[in-house]
Amino acid sequence: QVQLVESGGGLVQAGGSLSLSCVASVTIFNINRMGWYRQAPGKQRELVALFTSSGSTNYADSVKGRFTISRDNAKNSVYLQMDSLKPEDTAVYYCNFNGQTMYYSGIRDYWGQGTQVTVSS
């Protein structure tokens, strides 16, 4: 069974930093995209940052210059360094891989369970 295990969320004051990690339990290949999304209470899930299949990165405008996405393909992992955090960054953060595993013949989305990030003012 494929699992994406996230860690690193928590409570931090505005201006502080947090690092999120996401590790896949199996190898995911033919990856179209991998990255992070977030969902604040009462709002839709939105893109934070991702890698495309070519290796380029996309960031939400609201996090550009403050957040940095990185990855370790050998470890099936993706990371998110969040600096200069703001109260409006408060949300549940989800990692996502869109790709293929040995357990399913097609390409599909895999999601982590979510990790809470709370930024106090």
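Above this text is the structure in question.
Notes on the structure in this doc start here. (Residues numbered from 1 in each chain as written. Predicted model: local features only at pLDDT ≥ 70, side-chain atom pairs only at ≥ 80, totals over all residues. Heavy atoms only, no water.)

**As for the overall build of the chain**
For the chain, the count of helices and strands is zero helices and eleven strands. For the chain, the succession of helices and strands along the chain, N to C, is β-β-β-β-β-β-β-β-β-β-β. For 121 residues, the compact-globule estimate of 2.2 N^0.38 gives 14 Å, and the chain sits close to it at 14 Å. Each of the three principal axes of the chain carries a C-alpha extent, and together these read 45 × 25 × 25 Å. Sequence-distant contacts in the chain: of pairs separated by 6 or more residues, those separated by 24 or more amount to 56%. As displayed, the chain has an accessible area near 6300 Å², and 47% of this comes from carbon and sulfur atoms. In the chain, 10 positive and 8 negative side-chain charges are present, and the distance between their average locations comes to 3 Å. (Helix = DSSP H or I, 4+ residues; strand = E, 2+ residues; numbered from the N terminus. Rg over C-alpha atoms; globule rule 2.2 N^0.38 Å. Contact = heavy atoms within 4.5 Å. Areas by Shrake-Rupley, 256 points an atom, 1.4 Å probe, with all protein chains shown as cover. Lys, Arg positive; Asp, Glu negative; His and termini not counted. Charge placed at Lys NZ, Arg CZ, Asp CG, Glu CD.)

**Quick word on the pairing of strand β1 (residues 4-7)**
Burial of the side chains of β1 is restricted to one face: Leu4 and Glu6 are buried, whereas none of Val5 and Ser7 on the reverse face is. Strand direction decides the pairing type here: β1 and strand β3 (residues 18-24), joined by four bridges, are antiparallel. Looking across to β3, one finds that Ser7 is bridged to Ser21. (Buried < 20%, exposed > 50% of the residue type's maximum accessible area, 1.4 Å probe, protein only. Pairing = 2+ DSSP bridges.)

**Examining the sheet that holds β3**
In spatial order, the strands read β1-β3-β8-β7; together these four strands make up an open sheet with antiparallel pairing. Across the chains shown, the open sheet's two edge strands, defined by having one partner strand only, are β1 and β7 (67-72). Within this sheet the neighbouring strands show an average axis-to-axis angle of 15°, counted without direction. Examined bridge by bridge, β3 and strand β8 (residues 77-82) share six bridges and lie antiparallel to one another. (Axes fitted to C-alpha atoms, helices over the stretch in contact; angles between N-to-C directions.)

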